[in-house]
Amino acid sequence: MARILFVMTGATHWTLDDGTRHPTGFWAEEFVSPYQVFVDAGHEVAVATPGGVVPTVDRASLEPDVNGGQENADAFERAVEENPVLKAPLRLEDVDPAEYSAVFYPGGHGPMEDLADNADSARVLTHTVDSGTPLGVLCHAPAALLAARREDGSHVFSGYRLTSFTNEEEKQVGLADKAPWLLQDRLEGIGADFTAGSPWQPHVVHDRTLYTGQNPASSTALAAEVSRALT
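Residues numbered from 1 in each chain as written. Predicted model: local features only at pLDDT ≥ 70, side-chain atom pairs only at ≥ 80, totals over all residues. Heavy atoms only, no water.

## Points about the UniProt feature "domain: DJ-1/PfpI" (unreviewed entry) in the protein
- Following the UniProt record, one finds the feature "domain: DJ-1/PfpI" (unreviewed entry) at residues 28–227.
- Secondary structure across residues 28–227 divides into 34% helix and 14% strand, with the first and last C-alpha atoms of the span separated by 20 Å. (UniProt positions renumbered as here; feature names shortened; annotations may be inferred. Helix = DSSP H or I, 4+ residues; strand = E, 2+ residues; numbered from the N terminus.)

Structure, rendered in structure tokens:
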């Protein structure tokens, strides 16, 4: 059995370009589906957030139209409400990444608000890739990669082949024109080799020990690849 650390956003909103606060948090499927993959494989999951705050689910991620119907939406909501690790997260500031066999970052717009410049998250990310530990990062969570820099100022993930929620997908949800910045643009700006799949279709990219998924539809496939890396 491996111990897997989920690093999750503690944000409840995403500040848009005009200063308004767009309600958000983590995306339900992006936590629930990977969590289930890892638990079914016999692994133990811990959750950490900045300050140890209880993570907030993005209510939009519980709508029937993004979950294939009311039954699936209800199942995701129950899974979030009943999960004990979400109710007592660790403080990210206190986490020792060496204690875990893999690290996983679920998405939602929340990481754009609080993990894109979080030094404790950057510390965890840098240790994880430098130690050869599998690292899974999903949807908007690659925003956290932007904070990871070397002492000389270079980006840890420069040159890595990866993916994330794309500019096209952000346009289709109606937030691209309101965003202070777009994740795909920023990742390309740090020198990442960005690859985009078709909007809303599963797309997983593996480079060295980094595994990235493009969108919520990539949740299960991404977690399955990380789980395979553990065996």
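That shown, we press on.
## Side note on the sheet that holds strand 11 (residues 210–213)
- Taken together, the seven strands give an open sheet; going across it, the order is 5-4-1-6-7-11-10, and neighbouring strands pair in mixed fashion. Edge positions in the sheet fall to strand 5 (90–91) and strand 10 (204–207), since each of these pairs with one other strand and no more.
- The sheet contacts of helix 5 (residues 119–130) involve strand 1 (3–7), strand 6 (102–105) and strand 7 (135–138), and relative to strand 6 the element is tilted by about 135°.
- The sheet contacts of helix 8 (residues 219–230) involve strand 1, strand 6, strand 7, strand 10 and strand 11, and relative to strand 11 the element is tilted by about 165°. (Pairing = 2+ DSSP bridges. Contact = heavy atoms within 4.5 Å. Axes fitted to C-alpha atoms, helices over the stretch in contact; angles between N-to-C directions.)

## Regarding the nonpolar core
- Membership of the largest hydrophobic core comes to 41 residues, with the highest contact counts inside it found for Tyr105, Leu135 and Phe157.
- When contributions to this core are tallied by element, the ones reaching two or more residues are strand 1, strand 4 (44–49), strand 6, helix 5, strand 7 and helix 7 (183–189).
- Among the elements that line this core, the one with the most residues is helix 5, at four residues.
- Not counting residues within four places of it along the chain, the set of residues in contact with Leu135 comprises Val103, Tyr105, Leu125, Thr128, Val129, Phe157, Thr209, Leu210 and Tyr211. (Core = buried A, V, L, I, M, F, W, Y, C linked by side-chain atoms within 4.5 Å. Buried < 20%, exposed > 50% of the residue type's maximum accessible area, 1.4 Å probe, protein only.)

## A short note on helix 2 (residues 70–82)
- Between its terminal C-alpha atoms helix 2 stretches 18 Å, which fits the 18 Å expected from 13 residues at 1.5 Å a residue.
- Listed as buried for helix 2 are Ala73, Phe76 and Val80. With its buried residues spanning 65° around the axis, helix 2 presents them on a single face. In helix 2, the exposed positions that point more than 90 degrees away from the buried face belong to Glu71 and Glu82. (Expected span 1.5 Å × (residues − 1). Arc of directions from axis to C-beta.)

## Remarks on the pattern of salt bridges
- Tallied over the entire structure, the rule returns six salt bridges.
- For Arg59, the salt bridge is made with Glu77, and the minimal N-O distance between the two is 2.9 Å. Taken as a pair, Arg59 in the loop between strand 4 and helix 2 and Glu77 in helix 2 lie far apart in primary sequence, 18 residues in all.
- For Glu77, a relative accessible area of 21% translates into the label partly exposed.
- For the salt bridge of Asp120 with Arg123, the shortest nitrogen-to-oxygen distance reads 4.0 Å. Residue Asp120 and its partner Arg123 are both found in helix 5; the two are separated by three residues, about one turn of the helix. (Salt bridge = Lys/Arg side-chain N within 4 Å of Asp/Glu carboxyl O.)

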